Amino acid sequence: MKRRDFIQLTGMSAGAMMLPISSFANSVDPARFLDPLLDVQQKKALADAALNTAKSLGATYTDVRIGRYLNQFVTTREKKVQNIINTESFGVGIRVIVNGTWGFAASNNVTADGMKKTTERAVAIAKANSKFQKEPVKLATTPSYGEVSWKTPIVKNGFEVPVKEKVDLLLNANAKALEKGANFVNSIIFLVNEQKYFASSEGSYIDQDVHRTWPNFSVNAIDRASGQFKSRPAFSAPVGMGYEYLDGKAEDKIQGPGGVIMYNKSYDIVEDATMAAEQVKQMIAAKSVEPGKYDLVLEPSHLWLTIHESVGHPTELDRVLGYEANFAGTSFLTLDKWQSKKFNFGSKQVNIVADKTQVGSLGAVGYDDEGVQCKKWDLIKDGVLVNYQAIRDQVNIIGQKESHGCCYSQSWSDVQFQRMANVSLQPGKEQLTPEQMIAGVEKGIYIVKDGSFSIDQQRYNFQFGGVLFFEIKNGKIEGMLKDVAYQANTQDFWNSCVQVCDERDYRMNGAFNDGKGQPPQSNAVSHGSATARFNGVNVINTGRTI
Amino acid sequence: MAILSKDEAQQILKKVITFSKADGIEATLNGNDGGNIRYARNSVSTSGEDSNVSLGVQSYFGKKAGTATINEFDDASLEKVVRRSEELAQLAPENPEFMEPLTQQTYQDSKTFIEATANITPDYRAQAAANSINPAAAKEVTAAGYLTDSRGFSALMNSKGLFAYNKATSVDFTVTMRTNDGTGSGWVTRNFNDVKKLDTAEASKVAIDKALQSRNAKAIEPGKYTVILEPAAAGDLIGLMFFGMNARQADEGRSFMSKKGGGTKLGEKIVDERVNIYTDPWNEEVPASSWIGGGGGGGFFGGGGGNSTGLPREKMDILKNGVVSNLFYDRYWASQKNVKPVPFPGNRIMEGGNASLEDMIKDTKKGVLVTRFWYIRPVDPQTLLYTGLTRDGTFYIENGKIKHPIKNFRFNESPIIMLNNLETLGKQVRVGNGEGGGVPSLIPYMKIRDFTFTSLSDAV
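Not measured: the values here are computed from a predicted model. (Residues numbered from 1 in each chain as written. Chains lettered and ligands numbered in written order. Predicted model: local features only at pLDDT ≥ 70, side-chain atom pairs only at ≥ 80, totals over all residues.)

Enquirer: Looking at this structure, how should I read the overall build of chain A?
Expert: A tally of helices and strands in chain A yields nine helices and 30 strands. In summary, chain A has a C-alpha radius of gyration of 24 Å against a globular reference of 24 Å for 546 residues, a match within 12%. Overall size of chain A, expressed as C-alpha extent along the three principal axes, is 75 × 55 × 45 Å. Within the span of chain A, comprising 546 residues, buried residues form 60% of the whole. Put simply, 74% of the contacts in chain A that link residues at least 6 apart link residues at least 24 apart. (Helix = DSSP H or I, 4+ residues; strand = E, 2+ residues; numbered from the N terminus. Rg over C-alpha atoms; globule rule 2.2 N^0.38 Å. Buried ≥ 20, exposed ≤ 12 C-beta atoms within 10 Å, placed from the backbone. Contact = placed C-beta atoms within 7 Å.)

See below:
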């Protein structure tokens, strides 16, 4: 149970950018990333030592997670390398049920003796907490999988790519943006590799190798005369892929409305930085929006965050039940709404699925952090709330026998709990392109890329900004707007969804560090959609003078 | 071994420095013992303890620096970590902004460590939770709370002869009380270095009362209202303002502190002249470490001083009579601008007045009382515009009295506009780890006119 430390990089965005690094992470030579440390049989022997100890101490269930977490962050600004950070964190987290109560302990001492001692601590904590237990833990059954493994299907392991190659790529992107007149550029490549070994007293031994990659930048323009400044972030997505995401293949480029180039399964950072420098100047010169009701056409690079906040979080069962009441909050999607089987979450166009198996997504794994094989399931079907996201010790509360497989811990040192799966809006069934969608809008705004965001603790009222805003008049894009934010009630908003483009326009984006819990833990999750239209949404003007 | 004494830390660090073969070396030793208990649905959900000591070593050759960390302290391990940092420094690209470490500084002892907090036990935490849960359950209210405590030390030594040491304790408590019918919610926060000042039963009663009083809130129209902000609410926005007071960003033209046409607002009046905000590490109510990086827990503000690690903290004005007295300069930017480095403060103190909350309500014809803000996010860094919502107890005031609870509002407001629209300052209260960042603050109750609420929320 660790608090998190952060390294602050000033100037990356509006204020500052935080790099999440575990307190237990040690700085290492990047060459060490390629050492395997322990093989599967060594991990199994260690895990068995913990499982046997727990059983002898009266545990009715035990799981052991031996985890090695590798991170690399390469950061630059303008023509300079700011930092290269390589970290490794290695240890074990052991969770037991004793007297119907959870106990958890973690240690970086991954030896037979260390496993035994950590197990004893976990059992002692379970026994102490059982004094307060009102309802004993009930675990949904899950099959015993035996010895299995899963890997993110990467083509190029980012940790094998020389740091110099990454530095050169970022400095090249920076140089292109500066050439085009940007005043400042910060850029970064984040790489994550989670090497996770899970063993349970139910006979599953699961070895997984998970990769995530995120290139990002912030291109800034400043108009000293007017005192205005704007920043344009990268149109990349954080992905569950290897370094091949940075290949920038021609077939993955999408020429969107308003002359915007978007990216799908690979990303061209140099091209995007060049384009960003042009756009950020236009953002300053744009017309300030007239507040009022508009039809919004929301691009997938923007809509993912609205899905995340207004659908992903309120469908988490632990929030619905009140476990997160003191921090993240509860949910307006109370059990009675789900039980009614007719709660009108959205219009008929709104079909939303949770999916822990989607290739290339941040949340994709073979098995979750309590040994449940991952799957895909419906949350909103034809606009109606049909299910939640739940794990083994809570799914019985909604009368279901099978966990949804969305239990996660950010590290070996933190206890696993319910975390959001990839939650995505399904593409429309009718053939429809974004251009055709815009052609049907009389008075609207086309919004590209996520910006400012805020939502209440039960997920009713939200406000979202964006990065590029294009005014739509009589079916045509007229030019750029600024000072745009939209406010809505979640249910009203999703009921105002009148069209979703077809699967050709479907793309994912996501959150690399979604926070939840006390002490807070981070989760990586993707959200897919095609461009979608929402009618009559309230737009405010955020321009002020100080 | 998480808490090392000054002598123990100095001994380890001296050995580390003697192993160095680089142009220079700086070593930091941080240790922390922490514990926490979390409860929800009137029952404990998780609890735990953690303990960690970590040594970080930075070696440099010219402007090439490398950092390595380790958590083993035998001689062989100490030498290994020094060698690794030297290897990484040789591999690193030149950093044109690299600053050599500081020479010896003078530090006063800080007041951040309290023995009683260092001695918190799992039984204490369990009882603190029970003292919060039991009164809630008795009133048909559901408690969800979190108590976290830590005791830690931080030590720094370098090859230029600098040595610094500090130890600190803290305890942070929050609880959300919700009526069982789901129509009322209350919240309270407490943050101290000294656990003897914490009474979770007293704090929980405040939140329970708020939950009961906030049942069946009525909707009123969004718009501009006179508000009385409790210190937790105002403190969040003031904390966020501090994050924007970085001198480099202001000089570069990308801050609300940048001036139209060039230059910064340093020395200019930007808010009401009754606004006085300063930092003072020696303040008895919100003591801070006497040096940067000396938090004693390895946390955000305790650990990462960047190139300013080791700078002594001083009492310093931030806003004096509404005028910007200081922006924050790291050592590199200070060297570029030929000024003295100004480290990020370890605490925030805003001067208050004598009025109690009751006095302020009595003097209000029409207004809104806000317990706290939630999900505060930046909207426009040019004007420091933030959006967020009220939460856990929002009330309508009419003719000097609280008339009824009201539904929560979304606001869009800038702390700069807020502090220009100041009506009255009340008594100060210590607030801790809110959304405004993790340094403890003394913030007064404040009455503000024309605070901008832009929509209603159904959330309870």
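From this point on, the discussion continues.
Enquirer: What am I meant to see in the overall build of chain B here?
Expert: Secondary structure assignment for chain B yields eleven helices and 17 strands. What you see for chain B is a C-alpha radius of gyration of 24 Å, in line with the 23 Å of a compact globule of 460 residues. In terms of overall dimensions, chain B has a C-alpha envelope of 70 × 60 × 35 Å along the principal axes. Residues counted as buried form 60% of the 460 residues belonging to chain B. Counted over contacts in chain B with a minimum sequence separation of 6, partners at least 24 positions apart contribute 74%.

Enquirer: Please explain the packing of helix H3 (residues 163-179) of chain A against helix H4 (residues 269-285) of chain A as it appears in this structure.
Expert: For any two helices packed against each other, the geometry is given by the interaxial angle and the distance between the axes. All names here are of chain A. Contact pair H3 / H4: the axes reach a minimum separation of 8 Å and the direction vectors enclose 25 degrees. In terms of axis orientation, H3 runs roughly parallel to H4. The interaxial crossing formed by H3 with H4 has right-handed handedness. Residue-level inspection shows Leu169, Asn172, Ala173, Asn174, Lys176 and Ala177 of H3 in contact with H4, the latter providing Ile269, Val270, Ala273, Thr274, Ala276 and Ala277. In terms of residue class, the contact of H3 with H4 is made up of eight nonpolar, three polar and one charged. (Axes fitted to C-alpha atoms, helices over the stretch in contact; angles between N-to-C directions. Parallel < 35°, antiparallel > 145°, perpendicular 65-115°, else oblique. Left-handed = near helix turned anticlockwise from the far one by under 90°. Nonpolar A, V, L, I, M, F, W, Y, C, P; charged D, E, K, R; others polar.)

Enquirer: Any chance you could explain unusual backbone geometry here in plain terms?
Expert: Of all residues except glycine, most have a negative phi; of all peptide bonds, most are trans. Residue and element names in this part refer to chain A. Cis rather than trans, the peptide bond between Gln518 and Pro519 has omega equal to -5 degrees. As for its position among the elements, Pro519 is in the loop between strand S28 (507-516) and strand S29 (521-529). A positive phi angle is found at Lys341, which is not glycine, with a value near 60 degrees. Structurally, Lys341 is set in the loop between helix H7 (335-339) and strand S15 (352-355).

Enquirer: Explain the sheet that holds strand S17 (residues 384-385) of chain A to me, please; I cannot follow it from the model alone.
Expert: Sheets are built from strands that pair by backbone hydrogen bonding, the pairs being arranged parallel or antiparallel. Residues and elements named next belong to chain A. Strand order in this open sheet of four strands is S17-S16-S15-S20, and the pairing throughout is antiparallel. On the outer flanks of this sheet lie S17 and strand S20 (422-425), each paired with one strand and no other. The pairing of strand S16 (residues 376-381) with S17 spans two bridges and is antiparallel. The residue of S17 that forms the bridge with Ile380 is Leu385. Against the sheet, helix H5 (residues 300-312) touches S15, S16 and S20, its axis set at about 110 degrees to S20. (Pairing = 2+ DSSP bridges.)

Enquirer: For this particular structure, what's the right way to read the interface of chain A and chain B?
Expert: Accessible area lost on assembly of the parts is the figure often given for the size of an interface. Contact residues are listed per partner, giving 61 residues for chain A and 80 residues for chain B. At five residues, strand S1 (residues 4-10) of chain A tops the list of elements feeding residues into the side of chain A that touches chain B. Among the residues making up the side of chain A that touches chain B, the classes are represented as 27 nonpolar, 25 polar and nine charged.

Enquirer: Can you help me understand helix H1 (residues 6-18) of chain B in this one?
Expert: One turn of the α-helix equals 3.6 residues, which is why residues spaced by three or four share an orientation. All names here are of chain B. Over its 13 residues, H1 runs 18 Å from end to end, which matches the ideal 18 Å to within 8%, given 1.5 Å per residue. For H1, the full list of buried residues reads Ala9, Leu13, Val16 and Ile17. The arc enclosing the buried residues of H1, seen along the axis, measures out at 95 degrees, which places them on a common side. Projecting away from the buried face of H1 at angles above 90 degrees are the exposed residues Asp7, Gln11, Lys14 and Thr18. The inward-facing, buried residues of H1 abut strand S1 (24-40), strand S2 (43-61), helix H2 (75-91), strand S4 (141-158) and strand S5 (163-179). (Expected span 1.5 Å × (residues − 1). Arc of directions from axis to C-beta.)

Enquirer: Looking at this structure, how should I read the packing of helix H4 (residues 122-138) of chain B against helix H5 (residues 200-213) of chain B?
Expert: Residues and elements named next belong to chain B. Across the interface, H4 lies against H5 with an axial gap of 8 Å and an inter-helix angle of 35 degrees. Once H4 is placed against H5, the crossing between them reads as right-handed. Seen from H4, the contacting residues are Ala128, Asn131, Ser132, Pro135 and Ala136; seen from H5, they are Thr200, Ala201, Ser204, Lys205 and Ile208. Here the contact of H4 with H5 is built from residues that sort into five nonpolar, four polar and one charged.

Enquirer: I tried to follow the pairing of S28(A) on my own but got confused; where do I start?
Expert: Along a regular strand, successive side chains alternate from one face of the sheet to the other. Residue and element names in this part refer to chain A. Taking burial as the measure, the ten residues of S28 include seven buried ones, the bulk of the element. Here S28 pairs with S29 via eight bridges, running antiparallel. Bridge pairing in S29 places Asn509 opposite His527. Counting the residues in the hairpin turn of S28 and S29 gives four residues, including Gly517, whose phi is positive at 95 degrees.

Enquirer: It is not clear to me how the environment of Ile25(B) should be interpreted in this structure. Could you clarify?
Expert: Residues and elements named next belong to chain B. Mapped onto the elements, Ile25 comes out in strand S1. Judged by C-beta crowding, with 24 C-beta atoms within 10 Å, Ile25 ranks as buried. Residues Ile25 and Val57 lie 32 residues apart in sequence; the distance between their C-alpha atoms is 7.1 Å.

Enquirer: In this structure, what is going on with the sheet that holds S5(B)? I would like to understand it.
Expert: Residue and element names in this part refer to chain B. The strand order across the open sheet formed by six strands is S3-S2-S1-S4-S5-S6, and the pairing between neighbours is antiparallel. Two strands bound the open sheet, and with one partner strand each, they are strand S3 (64-70) and strand S6 (185-192). Shown here is a sheet whose adjacent strand axes are inclined to one another by a mean of 15 degrees, direction ignored. As defined by bridge partners, S5 adjoins S6 across eight bridges and the pair is classed as antiparallel. Bridging across to S6, Thr176 finds its partner in Trp187. With respect to the sheet, H5 is in contact with S4, S5 and S6, its orientation differing from that of S5 by roughly 35 degrees.

Enquirer: Can you help me understand helix H6 (residues 231-243) of chain B in this one?
Expert: Residue and element names in this part refer to chain B. Taking 1.5 Å of rise per residue, 13 residues should cover 18 Å, and H6 covers 18 Å from first to last C-alpha, within 8% of that figure. For H6, the buried fraction is high: twelve of the 13 residues fall into the buried class. Taken residue by residue, H6 has Pro231, Ala232, Ala233, Ala234, Gly235, Asp236, Leu237, Ile238, Gly239, Leu240, Met241 and Phe242 as its buried positions.

Enquirer: Explain the pairing of strand S17 (residues 441-456) of chain B here, please?
Expert: Residue and element names in this part refer to chain B. Within S17, 14 of the 16 residues are buried, which leaves it mostly tucked inside the rest of the structure. Strand direction decides the pairing type here: strand S7 (residues 224-229) and S17, joined by five bridges, are antiparallel. Looking at the pairing, Tyr225 lines up with Phe451 of S17. Pairing between strand S11 (residues 348-350) and S17: two bridges, direction parallel. Note on S17: the bridge partner recorded for Ile349 is Leu442. For strand S16 (residues 422-431) and S17, the ladder comprises seven bridges, and the chain directions are antiparallel.

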